[in-house]
Amino acid sequence: MSLFEMSERATKYQSDLLEFMDSCVYPAEPVYESQMAESGNPHFQPPILEELKEQARKRGLWNLFHPHPEWGPGLTNLEYAPLAEIMGRSPHLAPEACNCSAPDTGNMEVFTLFGSDEHKEKYLKPLLEGTIRSAFAMTEPQVASSDATNVQLAMVKDDAAGDYVLNGRKWFASNALHQNCKVMIVMGKTDPNTAIHRQQSMMVVPMDAPGVTVMRGLPVFGYQDREGHAEIDFKDVRVPAKDVLKGEGEGFAIAQARLGPGRIHHCMRAIGMAERALELLCRRAQSRIAFGKPISDNANIRDWIAEARIDIEMIRLLTLKTAYLMDTVGNKAAQVEIAAIKVAAPNIALKIVDRAIQVHGAGGVTDDFPLAGFWAHLRTLRLADGPDEVHQRAIARQELRKYREDAR
Ligand SMILES: Cc1cc2nc3c(=O)[nH]c(=O)nc-3n(C[C@H](O)[C@H](O)[C@H](O)COP(=O)(O)OP(=O)(O)OC[C@H]3O[C@@H](n4cnc5c(N)ncnc54)[C@H](O)[C@@H]3O)c2cc1C
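Residues numbered from 1 in each chain as written. Predicted model: local features only at pLDDT ≥ 70, side-chain atom pairs only at ≥ 80, totals over all residues. Heavy atoms only, no water.

Per an unreviewed UniProt entry, the protein chain goes by the name Acyl-CoA dehydrogenase and belongs to Mycolicibacter longobardus. Recorded in UniProt for the protein chain, the comment headed Cofactor (unreviewed entry) runs: "FAD". Among the UniProt annotations of the protein chain, the heading Catalytic activity (unreviewed entry) holds the following wording: "a 2,3-saturated acyl-CoA + A = a 2,3-dehydroacyl-CoA + AH2". (UniProt positions renumbered as here; feature names shortened; annotations may be inferred.)

*Asks:* How should the side chain of Asn63 be read in this particular structure?
*Replies:* Along the chain, the position of Asn63 falls in the loop between α2 (47-58) and α3 (77-88). Among the polar contacts made by the side chain of Asn63, one reaches the main-chain carbonyl oxygen of Leu128 at a distance of 3.0 Å. (Helix = DSSP H or I, 4+ residues; strand = E, 2+ residues; numbered from the N terminus. Polar contact = N/O pair within 3.5 Å; in protein donor to acceptor, adjacent residues only side chain to side chain.)

*Asks:* Quick question: what am I supposed to make of α3 here?
*Replies:* For the α-helix, the turn length of 3.6 residues means that residues three or four positions removed from each other point alike. For α3, spanning twelve residues, the distance from its first C-alpha to its last is 16 Å, which sits close to the expected 16 Å at 1.5 Å a residue. Where burial is concerned, most of α3 is hidden: twelve out of the twelve residues are buried. The set of residues buried in α3 consists of Asn77, Leu78, Glu79, Tyr80, Ala81, Pro82, Leu83, Ala84, Glu85, Ile86, Met87 and Gly88. Structurally, α3 contributes buried residues whose contacts are with α1 (8-39), α4 (94-97), α7 (251-287) and α8 (299-328). (Expected span 1.5 Å × (residues − 1). Buried < 20%, exposed > 50% of the residue type's maximum accessible area, 1.4 Å probe, protein only. Contact = heavy atoms within 4.5 Å.)

*Asks:* Help me out: how do you make sense of the UniProt feature "domain: Acyl-CoA oxidase/dehydrogenase middle" (unreviewed entry) in the protein chain in this one?
*Replies:* Residues annotated by UniProt as "domain: Acyl-CoA oxidase/dehydrogenase middle" (unreviewed entry) correspond here to residues 135-237. The span residues 135-237 is 0% helix and 50% strand, and its two end C-alpha atoms sit 17 Å from each other.

*Asks:* It is not clear to me how the domain arrangement of the protein chain should be interpreted in this structure. Could you clarify?
*Replies:* Interface size, as often reported, equals the accessible area lost upon joining of the parts. Taken as a whole, the protein chain is organised into domain 1 (8-115), domain 2 (133-245) and domain 3 (252-402). For domain 1 versus domain 3, the distance between C-alpha centres works out to 20 Å. Contact residues are listed per partner, giving 24 residues for domain 1 and 20 residues for domain 3. When the two sides are added together, the surface that domain 1 and domain 3 hide from each other amounts to roughly 2,000 Å², 60% of it contributed by carbon and sulfur. Considering only the side of domain 1, the residues that lose the most area to domain 3 are Asn77, Glu85 and Arg89, jointly responsible for 33% of the buried surface there. Note that Arg316 and Glu85 form a salt bridge whose closest N and O atoms lie 2.6 Å from each other. Here domain 1 and domain 3 share six residue pairs in polar contact (both at pLDDT 80 or more) between them. Taken together, the elements giving at least two residues each to the side of domain 1 that touches domain 3 come down to α1, α3 and α5 (104-114). Ranked by the residues each element gives to the side of domain 1 that touches domain 3, the list is headed by α3, at seven residues. Looking at the side of domain 1 that touches domain 3 residue by residue, the class counts come to 13 nonpolar, seven polar and four charged. (Domains from an automatic or database assignment. Buried area = accessible area lost by both parts, 1.4 Å probe. Salt bridge = Lys/Arg side-chain N within 4 Å of Asp/Glu carboxyl O. Nonpolar A, V, L, I, M, F, W, Y, C, P; charged D, E, K, R; others polar.)

*Asks:* I would appreciate a short explanation of the environment of Pro73 in the present structure.
*Replies:* As for its position among the elements, Pro73 is in the loop between α2 and α3. Take Pro73: its relative accessible area is 16%, and that puts it in the buried class. Counting along the chain gives 63 residues from Pro73 to Ala10, while the straight-line C-alpha distance between them is 9.7 Å. The contacts of Pro73, once residues within four sequence positions are left out, are Arg9, Tyr13, Trp62, Asn63 and Leu64.

*Asks:* Is there a simple way to think about the layout of surface pockets in this case?
*Replies:* With a probe scaled to a water molecule rolled over the atoms, the places where space remains empty come into view. Looking at the second largest pocket, its volume works out to about 300 Å³. Only α3, α5, α7 and α8 provide two or more residues apiece to the lining of the second largest pocket. The leading source of residues in the lining of the second largest pocket is α5, at five residues. Residue composition of the lining of the second largest pocket, grouped by class: ten nonpolar, six polar and three charged. A domain split of the lining of the second largest pocket shows at least three residues from each of domain 1 (8-115) and domain 3 (252-402). (1 Å grid on protein atoms, 1.4 Å probe; cavity = no way out; pocket = protein on both sides within 12 Å on 5 of 7 lines; lining within 4 Å. Points joined across faces, edges and corners; volume = space filled by probe spheres on them.)

*Asks:* What exactly am I supposed to notice about empty space enclosed by the protein here?
*Replies:* All chains considered together, the criterion is met by two cavities of 30 Å³ or more. A volume near 30 Å³ is recorded for the second largest cavity. Every residue lining the second largest cavity is listed: Trp304, Glu307, Ala308, Asp311, Lys351, Ile352 and Arg355. For the lining of the second largest cavity, the secondary-structure elements that each account for two or more residues are α8 and α9 (335-359). The element contributing the most residues to the lining of the second largest cavity is α8, with four residues. Split into classes, the residues belonging to the lining of the second largest cavity amount to three nonpolar, no polar and four charged.

*Asks:* Can you help me understand unusual backbone geometry in this one?
*Replies:* A negative phi holds for most residues other than glycine; trans holds for most peptide bonds. For the bond from Ala102 to Pro103, the omega torsion is -5°, close enough to zero to count as cis. You can see Pro103 is positioned in the loop between α4 and α5. Residues other than glycine seldom take positive phi values, yet Lys246 does so here, at roughly 65°. Counting through the fold element by element, Lys246 comes out in the loop between β7 (229-240) and α7. Residue classification places Lys246 among the partly exposed positions, given a relative accessible area of 45%. Positive phi, normally seen in glycine, also occurs at Phe291, with a value near 55°.

The following block contains the structure:
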């Protein structure tokens, strides 16, 4: 499947995961839909998901993303990439079933790297066991948050009490409405007068801390995602100094460390959605007859199919190259590739899903097929974890830097 040779254990995980998808996950999709519809609550935790989690655990398909062998299989990014892609084919079920969903994966890495022993016991352990979930609150409604130095949520030190007082508003905190969400990592401003990248800090805040109010779940193209994207108000929320991650002024550095792996995981899952959309497109195009022949007999549809195959192969190769670089030279040295795939994968997957919708006719925009949901999700990926333009800006800056000497 790739130029990059996979280890024996990675190949074994792939075949086990494919078997899990076929025998458990795909058959669970209609059950999930009917349990969600019956509940009448968009943030309901359906029993089928807990059953899938149990199955995944039994099969050793748990915490597949975690790079530390103490907590998961300890796979490299390159080994994990095809697994995330496979899970991406059923994005509402498979990542959570295998305890590999965003933003928990990023938060678990932050707790592993920067959490105190207490954080590890209280939050990391249950996150790794899949008994609680978590949110990450950086974006704010009042400022352009694609530039993280803009965040305004005030984190004011109260020396006498030995804690910080948080005031401000966040939005789009994904997962905050999940029934099991117990904790969030919040980024705010501790010192507006120091160097621009040292002004921010990250703190661990329980969802039930006094002064935390979840105002509403924000819809995405009319969907209320099960995990929820919450607008949250912070009014005089007191956070003990021991819950500052890594230390005051380290928020920006943690954000950089956290977002690298998270971004590429999104891309891997996007490829899975593109693959499934192409499969659905081909099946539908061959089974529907219009104007006396299967829709797949039209030249433009064949071109779409060929282009989709070419595009998927290209983004998969760039994803694997990026994963390989992250493993071998580190996230910082791989930043151009991480930015490039974060732009390419959602855009290309979106194009393929859009064409699959077209081939499905009106059915394509309904919930009878997963395509409309894929489209909505992929469209948000052009914003979440940084809009396209911000990544393009970073790539262009690096490109221009190469020729700066010549210009002088
Ligand atoms: C479904 C979803 C889930 C999300 N989950 C989370 C989460 O869990 N936690 C969290 O903190 N945030 C989350 N976000 C928020 C996301 O990270 C932000 O929306 C993103 O960083 C952009 O910030 P903004 O919305 O404030 O846009 P702004 O910063 O206001 O930018 C608006 C637009 O300006 C343009 N722009 C900005 N800079 C440039 C530039 N340099 N050059 C050219 N154009 C530019 C871009 O087109 C950009 O889309 C989520 C968003 C969505 C849609």
